[in-house]
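Analysis of the macromolecular model
Spelled out, the chains give:
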Amino acid sequence: MNITPKIRVFSCISGGEETEKIEVTADAAINGTENDYTIEYSENLFPEVKTTTTIRVINGSAVSVIRSGDIANEITAEPGKRHLCHYLTPYGEIVFGVYGHRVNSTVSETGGTLEIEYEINYPDGASTAHSMIIDII
């Protein structure tokens with residue numbers, strides 16, 4: 001698989017009583033096989049913040065999301081497992097736990113969807129629930 005489609009990314013972050021929803025449509029490069037592939041795209045959520053996001057799917061069940069640029073972080077979500085991950089901010093680095101709940105991939109050369117659900121546990125004891133749906137359109 002080596003395609004350059006448009007993708008639509010729906011992200012939802014819930015913590016306490018607040019929920020934040022983000023939708024991004026972008027050109028993407030997708031390379032690999034149906035179970036092991038990489039999606040790469042540029043995100044410009046705010047005019048002053050530019051990032052490149054790389055999503056790596058391994059064996060159709062584990063996902064790493066790597067952001068580079070003005071915001072840099074890397075998370076790994078794998079159902080039933082907890083990973084320590086890093087988030088680089090202008091004020092320093094934060095290390096947090098990511099517990100994977102669900103990964104569902106139906107991506108092929110003709111399109112498909114990648115769904116990821118995970119929880120982030122912060123050093124102060126707080127946690128947030130995250131979901132991401134990536135549609136290849």
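Relevant structure appears above.
These notes cover the structure that comes with them.

Cut-off values and rules
- Residues numbered from 1 in each chain as written.
- Predicted model: local features only at pLDDT ≥ 70, side-chain atom pairs only at ≥ 80, totals over all residues.
- Heavy atoms only, no water.
- Salt bridge = Lys/Arg side-chain N within 4 Å of Asp/Glu carboxyl O.
- Helix = DSSP H or I, 4+ residues; strand = E, 2+ residues; numbered from the N terminus.
- Buried < 20%, exposed > 50% of the residue type's maximum accessible area, 1.4 Å probe, protein only.
- Pairing = 2+ DSSP bridges.
- Polar contact = N/O pair within 3.5 Å; in protein donor to acceptor, adjacent residues only side chain to side chain.
- Contact = heavy atoms within 4.5 Å.
- Phe/Tyr/Trp six-rings, centres within 6.5 Å; stacked < 30°, edge-to-face > 60°.
- Core = buried A, V, L, I, M, F, W, Y, C linked by side-chain atoms within 4.5 Å.

On inspection of all chains with the given rule, the structure shows six salt bridges. One salt bridge in this structure joins Arg102 and Glu117, with 3.4 Å as the shortest N-O distance. Of this pair, Arg102 sits in strand β9 (residues 92–105) while Glu117 sits in strand β10 (residues 112–121), and the two are 15 residues apart along the sequence. What makes Arg102 partly exposed here is its relative accessible area of 31%. Of the residues examined, Glu117 reaches a relative accessible area of 31% and is grouped as partly exposed. Several salt bridges share partner residues, and in doing so they unite Arg102, Glu115 and Glu117 into one network.

Here we come to the pairing of strand β5 (residues 49–58). As defined by bridge partners, β5 adjoins strand β6 (residues 62–69) across eight bridges and the pair is classed as antiparallel. Opposite Thr53, over in β6, you have Arg67 as the bridge partner. Taking the residues that link successive antiparallel strands as the turn, the β5-β6 hairpin has three residues, and the phi of Asn59 there is positive, at about 55 degrees.

This part covers the side chain of His130. Mapped onto the secondary structure, His130 falls in strand β11 (residues 127–136). Within the local environment of His130, its side chain forms a polar contact with the side chain of Thr128, the two groups lying 2.7 Å apart. Not counting the four nearest positions on each side in its chain, His130 is found in contact with Cys12, Ile13, Ile116, Glu117, Tyr118, Ile120 and Tyr122.

Glancing now at the environment of Ser131. The residue Ser131 is located in strand β11 in this model. In this structure Ser131 comes out as partly exposed when scored by relative accessible area, which is 26%. For the pair formed by Ser131 and Asp27, sequence separation is 104 residues and the distance between their alpha carbons is 21 Å. Non-local contacts of Ser131, meaning those with residues more than four positions away in its chain, are made with Phe10, Ser11, Cys12, Ile116 and Glu117.

A few words now on the packing of aromatic side chains. Counting across every chain of the model gives one aromatic pair. Pairing Phe96 with Tyr122 gives two aromatic rings, centres 6.0 Å apart and planes at 45 degrees, and the pair type is tilted. Of this pair, Phe96 sits in strand β9 while Tyr122 sits in the loop between β10 and β11, and the two are 26 residues apart along the sequence. With relative accessibility at 4%, the residue Phe96 sits in the buried group.

Counting 27 residues, the largest nonpolar core has Ile7, Ile39, Tyr41, Ile55, Val63, Leu114 and Ile134 as its most contacted members. Every residue in contact with Ile7, bar those within four places of it in the chain, is listed here: Val24, Thr25, Ala26, Ala28, Ile39, Tyr41, Ile134, Asp135, Ile136 and Ile137.

Turning to unusual backbone geometry, a few remarks are in order. For Asn59, which is not glycine, the phi torsion reads 55 degrees and is therefore positive. Judged by relative accessible area, Asn59 falls into the exposed class, the value being 58%.

Secondary-structure assignment places Tyr37 in strand β4 (residues 37–46). Assessed through its relative accessible area of 2%, Tyr37 is described here as buried. A distance of 2.7 Å separates a polar atom in the side chain of Tyr37 from a polar atom in the side chain of Ser105.

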